[in-house]
Structures are given as C-alpha cells and as structure tokens.
Protein chains: 2
Amino acid sequence: MSDGKTGLQLRSLIKASGELEISLVDVPTPEPADDEVVVRVEAAPINPSDLGLLIGAADMSTAKASGTKQAPVITATVPQAAMRAMGARLDQSLPVGNEGAGVVVKTGSSDAAKALMGKTVAMIGGAMYSQYRTMKVRDCQPLPEGTTAAEGASWFVNPLTALGMTETMRREGHKALVHTAAASNLGQMLNKICIADGIPLVNIVRSKQQAEILKKIGAKYVVDSSVPSFFDDLTNALVETGATIAFDAIGGGKLAGDILNCMEIAINKTAKEYSRYGSSVHKQVYIYGALDVRPIELPRGFGMAWGVGGWLLTPFLQKIGPADIGRLRQRVVNELKTTFASHYTKVVSLSEALDPANVAAYAKRATGEKFLINPNKS
Amino acid sequence: MSDGKTGLQLRSLIKASGELEISLVDVPTPEPADDEVVVRVEAAPINPSDLGLLIGAADMSTAKASGTKQAPVITATVPQAAMRAMGARLDQSLPVGNEGAGVVVKTGSSDAAKALMGKTVAMIGGAMYSQYRTMKVRDCQPLPEGTTAAEGASWFVNPLTALGMTETMRREGHKALVHTAAASNLGQMLNKICIADGIPLVNIVRSKQQAEILKKIGAKYVVDSSVPSFFDDLTNALVETGATIAFDAIGGGKLAGDILNCMEIAINKTAKEYSRYGSSVHKQVYIYGALDVRPIELPRGFGMAWGVGGWLLTPFLQKIGPADIGRLRQRVVNELKTTFASHYTKVVSLSEALDPANVAAYAKRATGEKFLINPNKS
C-alpha cells in the first residue's frame, strides 16, 4: 500500500483512430483544502452506468490484453458506425467510477473535515476507481458504526434511482408502477421499497429463473415476457394494480409500446363511455437504460394521453432539490444492510479489473452479475 | 328551410357487425333554457379531428351510397382488426362536428341570451353538422360586425391548436419550434403566428409543392423530407433556430426519431464537453396526429434528455385554465380575417356531405383539401 501521496487510478481512453484503451496510471493525491478530506477508497461498484464511460461503444469481443502485471492494458476496437457518438470524448484519458466508499486518512483544517478523520464514508462524484480521492466534506456521507466500505459503496446510484422511481410515481400522480429487467440488483431494491411502502409493483422479467428470484423476495406481480401469454398476463396485472407509469431499462424493441398498449386496454376495461382519442388517463414510460440498443418501436393503440421519455438520476435530483435529496439519502443510510443491501459476484483489485476474463464477465451487463473494485486490495 | 322546431342532423354509427353507416336524421330542437339560445348553423368545417368520429376506422374504399336524395346513406366496412379500438362506440348513433358558426334565431329569458338575438356566433361543443343547435350562452362566441358564419366557423380547433403549440413551447422553456405536415391549413396559421410573434419555426414538408406554399406566405425555414439531404437540411435549420420542441402530425415511421436525432446533433455542434449520456438539453416531440398509422420508430442517438408524447387541445386548455383560454380566444376573434383565416375547397349541404364523390375527397385527409358544411344550404 502506498503512503497516499500518489495512487493508482483507472483510465479509459478512446482514440480518434477508433481504439479503446483501459489502463492504470499513478496520479498525485491533491492536498485537502480546509473543507476537504483524503479518502482511501476501499470499494467501488461497476454499475451499468459506469460501463458506458469505461468501455463506451467498443466491441469487447475484440478486447486484447497487453502491458505488465503491475501495469496491465486492455485495448478493443470501436466500430466505425459508433465513433460519431464518441466524438466529444476522443483522445481524453478519463477517470471512471461514480460512487464508492473508503476511510478518511487525512483532513483539511476545518472542524467538519477533522471530525471525519478515521471514519468510513460513502462518496459520489466520479473517479472512484482510484486508490485515493480528495473530496469535499459535503460530498462524503459518514456511514453508521459497523458498516463496512463494501456495504456502503453502492449507496447512491441504485438506491436513489429506485427511490427516484417511487418519488416520480407519486409526484406525477400515479398509484402503482411497472419495472422492466426487474430481477436486477436495482429491481430487487425496488421490490423491497415497494413492499415496505405499500406500492403495487408489476415486475417484468425475461425468464422463469428471474421470476423465481423475485417471488422469493416477496414480489406479488411478476410477468415473464418470454412466454406466449405475456400480453394478457401484463394486462391482468395492470388491471389489478392500476399502474400507469413504467420504468424501463431495456429501451429498444417493442416492450415500451407493449406496456403502453396493455395499460390502455387495462384502463378501458373499466371505461364508461367512448372517447374518440382513447382513454384520457395519462400513461407514461420512462426509459433509463439501453439493454437493447435497437430502435424503440411504438405501435399506436394507446390513444393520445401518453409519454415516453428518458429518465436519469441527476436531473431528477436537481429537480427535487436539497431538502428532498437529504431525506432520500438518510433513508438509504438507515437501511443499507436491509432494503439497500447490494450483492457482488466478485471483488477485484484495480489490476484484476483489467484481467480479460473479468472484463468479459462485467462487460456482458448480465442480470445478477455485479463486480466490486477494491482499489486498495493487496 | 324548416321552422326550427326540428332539423336535420348528421349521424355516424358503427355496428357490431363491422359496418359504418352515415345518415341524416330529423331531430327536435330543444327549447332554450334561460341561459341558452338556438343557433341556425350555417357553417361547420370537416377537420381531421372530425373524421376520426365521422368515419372511424372504416375502409372508405368499400363505401357505398344508398337511401334517397333527401335521406342519403353511406355505408362502409370496418376491417376486423380495427374493430377492437371501436369497442366503446359500437351500435351508438353519434352526432358529429366539433365547431361551427351560425345565427341566433331564438333565445332563453336571460338578458345575456336575449342580447345574442340575431347575432352571428361561433360555437364549440359537438353535433355541429346539424341544422339547429341549442347552446349555452357561454359556449357561443359573438363574432365582430361584418364577419360571416363561414369566416368564423373554424375559429376554435385549428387556431387554438396552433396557439397551443407556441404557448406550450414558451411554458416548457423552448425558444423555437418544429412543425411537420407544415403546409396544412393549421401549419399555415402557425407560420402566421410565428412571423407575427418573432418565433423561429422550422417547417417540415413532404414535397416541393408544399415547400412553395409556405415560402409564399413568408416561411423562412422549410425543409423537405422527400429529398436526400433532408437530415442535413433539418440539422442546419435546428442549428440556426435552436429549436428543441416539435409538433408532429405524422406520428408513424421514423420522422419523430429523426427530429430528435437532428436536434441532438445540432445541440452537440456547440457543446463544450463530453457527456456520457448525451446532451443535457431536453428535446421534446409532441405527436398530435396520425397521418401515418405505422408504429413510431425511434433509433436512439439522442441521449437521455428527451420525450415523445401525445398532445391534444382539450387537456392543454384544461391545464392553462379559463383566463388564458379567454386571452387566446380573443386573439383568434380579433384576427379571424388575417392570421386565422381558413380556406375551403368546397361548401356542401348535409346531403351533399353524404355524396360518394365528396366523401372520397374529404376522407383522403389530403393537405390543402378542406370541406365546409352549411347545414342550412338550400
């Protein structure tokens, strides 16, 4: 372990030539200002949202390892067609990792900074795949006694996204919700929140195995899009729950349109009179992921009261403001070992994160597969 | 002309057997209550929004005429696949016609009602393809001296839809807008509004002829989706105008997605730094028509800050409330002979509206073709 004056940091670079290069560089740790602390990062998850920056549009079936054991390098080819979308990041060596947790090893001179010395804190703010991070006190969340960095590392992205879904549901006047790719880590959290808060949740999964995972944790409505009765199963669940808002991680293909059409049928089952424009109940699908990169296809049978749109955590938090953000963060910290517990397939060091077998595993974005990086793993 | 105690009314009926029947029935004119008046309807346009109710999902290539000259009947077949969407209106004989204008021929006892005697008024409220309509005073808009019923008949649907677009643009924080099927009657009104109000408007048309129509009335940005350079032409117009909201009457196919993708490219041409989620500028397409009934297809290259949704006049008016509705209505009345002037291809009586040649013409929904019904035409 280093003395903290410098530390390894993972970098992702896409060259104008069309090559992705992932490597480790040794960077100096900035001295903390009065209101800052230096955190030795001990845990940072690889979320789907990190993979966008880490591997970009590269075709990971072309990945090759080079370099040394201490300084490994992964390279891969970015398909020509995808290069235009990479335009704004070309030839910039970018640090990666949205969230993480670790121990405060040095502080600035303010009382608030000094109070954190030796404490385990969770962080948000990028570049978490680094051995050391100098952070503002306000961007550190002290974890309760007895909570490890690994337990606190995934405190922000998934928990606040899941809470953001139920918050959005309430703010936009819906009383139940639909979630796709529902057996994911995030999907399981959402089930726990909805069970605790009494919110009817329709889970859409893509296999019998995924349905079993959710049934085991108490999910009441689980529909499997891989069976022939999917359309009817979904409609029935929508009639029972009255869900008129969905959060969709899939994005491409017909799923978003199927959800809207089933919502419309479910609403019209109880409609009293003919409306030439379809039901007047607003039906909304928010797309927050892109597990399927094909075009979104919407066959129109859902009237005129509908919306499909992108949903991201950061703009949502900007909209609700500091007081509500504080309320949501506090709930996460209180329930880190229950509602918001994350499960990892594997814990790796920074150099192990560049091992070709590990890259192949996390680049698949498979449901249930989740890596945790410990940058200070010896 | 009848004495007003009864009058002809156009009716549309879709039978459970899958047959559309359009006919004329003689209905009694309700006596006006204190706050009501009887209007002899002299002009009512056939808008695209009326055709949805008038012909529903019927296949008008199967249309047949029967009945007598005084009591003509049109029948046509509704394709089996479309019958589910007609469920809520089956076997109900429905009156048609959203808006119209005419002369007050009888009034209730209130002062407000009596003040309208003999006046030419515009109306909104359905069943306008009738010789007489008994209306509440508040649903009648007196027209200025010298304005005919024909000039005032299209006072509501198109003018308020066009004004609703610029109002929505402002309320949602955009500074310029895009409109498709832009050479329509509505599209021409929108150009006049935008020129008067200094709003940059990008017009998307489907032919050179349509582009010429708009150029002649002073449109600055007109792009033709039928030429190979469409994508670049649209992007350039979006760079120049900064438009980030579109109103689309087409609905099906790739146009909405093309607009979002061109907006994203236009925004990124001036972007300063890489954002892994695409630009953070919200891009919105509102679909208010269905000239193309294929599925909406959205190839995703427009980041996460986007929305596509339905837009309808009535919910928009409910949202803005009576004071703003009054302001918009007053503007329409003031500018009926200029900004909001409508042009008609043909003026027909109720029985002529059931002439097969006329039905074939208005059922085509062709840009530039617009019929006006005068139910009291002799």
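Residues numbered from 1 in each chain as written. Chains lettered and ligands numbered in written order. Predicted model: local features only at pLDDT ≥ 70, side-chain atom pairs only at ≥ 80, totals over all residues. Heavy atoms only, no water.

Identification of chain A as Enoyl reductase (ER) domain-containing protein from Bradyrhizobium sacchari is taken from an unreviewed UniProt entry.

Time to look at the interface of chain A and chain B. Each partner contributes to the interface: chain A provides 34 residues, whereas chain B provides 34 residues. Here chain A and chain B share an interface that buries about 2900 Å² over both sides, 63% of which is from carbon and sulfur atoms. Seen at the junction of chain A and chain B, the total is zero salt bridges. Where chain A packs against chain B, one counts seven residue pairs in polar contact (both at pLDDT 80 or more). Among the elements of the structure, helix H1 (48–54), strand E17 (292–298) and strand E18 (306–310) of chain A are those that each provide at least two residues to the side of chain A that touches chain B. For the side of chain A that touches chain B, the element with the highest residue contribution is E18 of chain A, accounting for five residues. Among the residues forming the side of chain A that touches chain B, the class breakdown is 21 nonpolar, seven polar and six charged. Across three bridges, E18 of chain A lies against strand E18 (residues 306–310) of chain B in antiparallel orientation. (Contact = heavy atoms within 4.5 Å. Buried area = accessible area lost by both parts, 1.4 Å probe. Salt bridge = Lys/Arg side-chain N within 4 Å of Asp/Glu carboxyl O. Polar contact = N/O pair within 3.5 Å; in protein donor to acceptor, adjacent residues only side chain to side chain. Helix = DSSP H or I, 4+ residues; strand = E, 2+ residues; numbered from the N terminus. Nonpolar A, V, L, I, M, F, W, Y, C, P; charged D, E, K, R; others polar. Pairing = 2+ DSSP bridges.)

Mapping chain A onto chain B calls for a rotation angle of 180 degrees and an axial translation of 0.0 Å; the resulting RMSD is 0.1 Å. On the angle and the small slide along the axis, the relation comes out as a two-fold axis. In terms of proximity to the rotation axis, the leading residue of chain A is Glu-297 of chain A, whose C-alpha is 2.3 Å off the axis. Taken together, the interface assignments show that 97% of the residues at the interface of chain A recur at the interface of chain B, consistent with an identical surface on both copies. (Least-squares fit on C-alpha atoms with pLDDT ≥ 70 in both.)

Attention now moves to the pattern of salt bridges. Residues and elements named next belong to chain A. Under the counting rule described, the total for this entry stands at 36 salt bridges over all chains. Lys-254 is the partner of Glu-297 in a salt bridge, and the nearest nitrogen-oxygen pair spans 3.8 Å. With a gap of 43 residues between them, Glu-297 in strand E17 and Lys-254 in the loop between strand E15 (251–253) and helix H8 (255–268) connect regions that are remote in the sequence. When its relative accessible area of 45% is taken as the criterion, Lys-254 is described as partly exposed. (Buried < 20%, exposed > 50% of the residue type's maximum accessible area, 1.4 Å probe, protein only.)

Take the sheet that holds strand E5 (residues 72–77) of chain A next. Hydrogen bonding along the main chain pairs the strands of a sheet, whether they run parallel or antiparallel. Residue and element names in this part refer to chain A. Read from one edge to the other, the open sheet built from five strands follows the order E4-E5-E2-E1-E6, with strand pairing classed as antiparallel. Of all the strands in the sheet, the pair left with one neighbour each is strand E4 (59–67) and strand E6 (94–95). Relative to E5, E4 runs antiparallel, the two being bridged by five bridges. Bridged to Asp-59 within E5 is Thr-77.

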